Amino acid sequence: MAARAALGRRFWATVPARLRLLRAATVSLTAALAALLLVAGFAANGAWDSVADRDAPRTTSAADLDRALNDMDAQAANITAVDRG
């Protein structure tokens with residue numbers, strides 16, 4: 001048993017063995033990060049679609065209201081300018 005432990009310590013003490021371990025850790029962390037970003041991207045896409053479906057009509061209505069109020073303001077300014085002239 002002691003010989004096996006000594007062999008294991010000697011194996012992980014070499015530079016190539018440590019590099020293999022670091023490479024395996026890096027590859028697995030990169031794969032986990034890619035999977036996490038993929039899931040987050042799909043979740044954000046679904047949230048964006050639901051917000052666009054729900055809030056786009058409100059935004060259009062607000063823009064129409066703003067345009068109508070600007071038009072009424074311009075008409076009132078024209079009436080005021082005509083009355084003074």
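### Brief notes about the overall build of the protein
Helix and strand counts for the protein stand at two helices and zero strands. Here the protein holds 85 residues, and the buried ones make up 1% of them.

### Description of a nonpolar patch on the surface
A cluster of nonpolar side chains, namely Val15, Leu19 and Leu22, defines an oily patch on the protein surface of about 300 Å² accessible area. Position of leucine 22 relative to the elements: it lies in helix 2 (residues 15-84). A relative accessible area of 53% places leucine 22 in the exposed class.

### Some points on the pattern of salt bridges
The final tally for this structure, using the stated rule, is one salt bridge. The closest approach of N and O atoms between aspartate 64 and arginine 67, which form a salt bridge, is 3.1 Å. One end of the pair, aspartate 64, and the other, arginine 67, are both in helix 2, three residues apart, so they sit about a helical turn from each other. You can call arginine 67 exposed: its relative accessible area is 55%.

Conventions and cut-offs
- All residue numbers refer to position in the chain's written sequence, counted from 1.
- With the structure being a predicted model, the display of local features is reserved for residues of pLDDT at least 70 and the display and counting of side-chain atom pairs for 80 or more, all residues being used for whole-chain, interface and lining totals.
- Note that the side-chain values use all heavy atoms of the structure and ignore hydrogens as well as water.
- For the purposes of this entry, the term helix denotes a DSSP run of H or I that reaches at least four residues, the term strand denotes a run of E that reaches at least two, and both are numbered from the N terminus.
- Each residue is placed in one exposure class: buried if its accessible area under a 1.4 Å probe, protein chains only, is under 20% of its type's maximum, exposed if it is over 50%, and partly exposed if it falls in between.
- Each patch is built from residues that are more than 30% exposed by relative accessible area and take part in no salt bridge. Like charges join if they lie within 9 Å; nonpolar side chains (Val, Leu, Ile, Met, Phe, Trp, Tyr) join within 5 Å.
- With residues, only the protein chains shown are counted as cover, and all accessible areas are computed by Shrake-Rupley using a 1.4 Å probe.
- The term salt bridge refers to a pairing of a side-chain nitrogen on Lys or Arg with a carboxyl oxygen on Asp or Glu at a separation within 4 Å.

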